[in-house]
Amino acid sequence: MGRKTVDLREMVKHVGVTGNFIKQDKARCKGCGRCVNICPMELWELRKNKAFLSEDFTEKCVECGSCWLVCESNAIEFNYPKGGTGVIWEYG
């Protein structure tokens, strides 16, 4: 049986101006690629042995915090967006 993929973009709506709720310290980034591998929205990429976050992440991120959780070098800081803004899941 084949693997079923789900496009999360069809299940979320973004509300309000979230601000920069993800910050990265590039000096601490060791280029391990864990954030690249875990992000369900494919917002991270490796360039020249450093991870880079997509400039439009505030519009596409589903706020799961996975990138922050897997970063062993503590190069990523994650805070949920301010109240009343962010992702609304539209499922069902």
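Residues numbered from 1 in each chain as written. Predicted model: local features only at pLDDT ≥ 70, side-chain atom pairs only at ≥ 80, totals over all residues. Heavy atoms only, no water.

Enquirer: It is not clear to me how the environment of Tyr91 should be interpreted in this structure. Could you clarify?
Expert: Structurally, Tyr91 can be placed in the segment after strand S6 (86-89). When the C-alpha atoms of Tyr91 and Cys32 are compared, they prove to be 33 Å apart, with 59 residues separating the residues in sequence. (Helix = DSSP H or I, 4+ residues; strand = E, 2+ residues; numbered from the N terminus.)

Enquirer: Honestly, the pairing of strand S4 (residues 50-53) in this entry has me stumped. Any pointers?
Expert: On any regular strand, side chains alternate: one points to one face of the sheet, the next to the other face. Because side chains alternate across S4, one face comprises the buried residues Ala51 and Leu53, and the other comprises Lys50 and Phe52, none of which is buried. Relative to S4, strand S3 (residues 44-47) runs antiparallel, the two sharing four bridges. Bridge pairing in S4 places Leu46 opposite Ala51. What sits between the antiparallel neighbours S3 and S4 is a turn of two residues, in which Lys48 has the positive phi angle 50°. (Buried < 20%, exposed > 50% of the residue type's maximum accessible area, 1.4 Å probe, protein only. Pairing = 2+ DSSP bridges.)

Enquirer: Quick question: what am I supposed to make of the environment of Phe21 here?
Expert: Inspection of the secondary structure assignment puts Phe21 in the loop between strand S1 (12-15) and strand S2 (22-24). Accessibility expressed as a relative area gives 4% for Phe21, which makes it buried. For the pair Phe21 and Leu69, spaced 48 residues apart in the sequence, the C-alpha separation amounts to 14 Å. Not counting the four nearest positions on each side in its chain, Phe21 is found in contact with Phe57, Thr58, Cys61, Glu63, Glu77, Phe78, Asn79, Tyr80 and Pro81. (Contact = heavy atoms within 4.5 Å.)

Enquirer: Can you walk me through the packing of aromatic side chains in this structure?
Expert: Each aromatic ring pair is summarised here by two numbers: the centre-to-centre distance and the angle between the ring planes. Overall, the coordinates contain four aromatic pairs when judged by the stated rule. Ring geometry for Phe21 and Phe57: centres 5.4 Å apart, planes at 70°, overall edge-to-face. Taken together, the residues Phe21 in the loop between S1 and S2 and Phe57 in helix H2 (residues 57-60) connect sequence positions 36 residues apart. With centroids separated by 5.0 Å and ring planes inclined at 80°, the aromatic side chains of Phe78 and Tyr80 adopt a geometry described as edge-to-face. Put simply, the rings of Phe21, Phe57, Trp68, Phe78 and Tyr80 pair up and form one aromatic cluster. Here the basic side chain of Arg47 rests over the ring of Phe52, its NZ or CZ set 4.0 Å away from the ring centre. (Phe/Tyr/Trp six-rings, centres within 6.5 Å; stacked < 30°, edge-to-face > 60°. Lys NZ or Arg CZ within 6 Å of the ring centre and 35° of its normal.)

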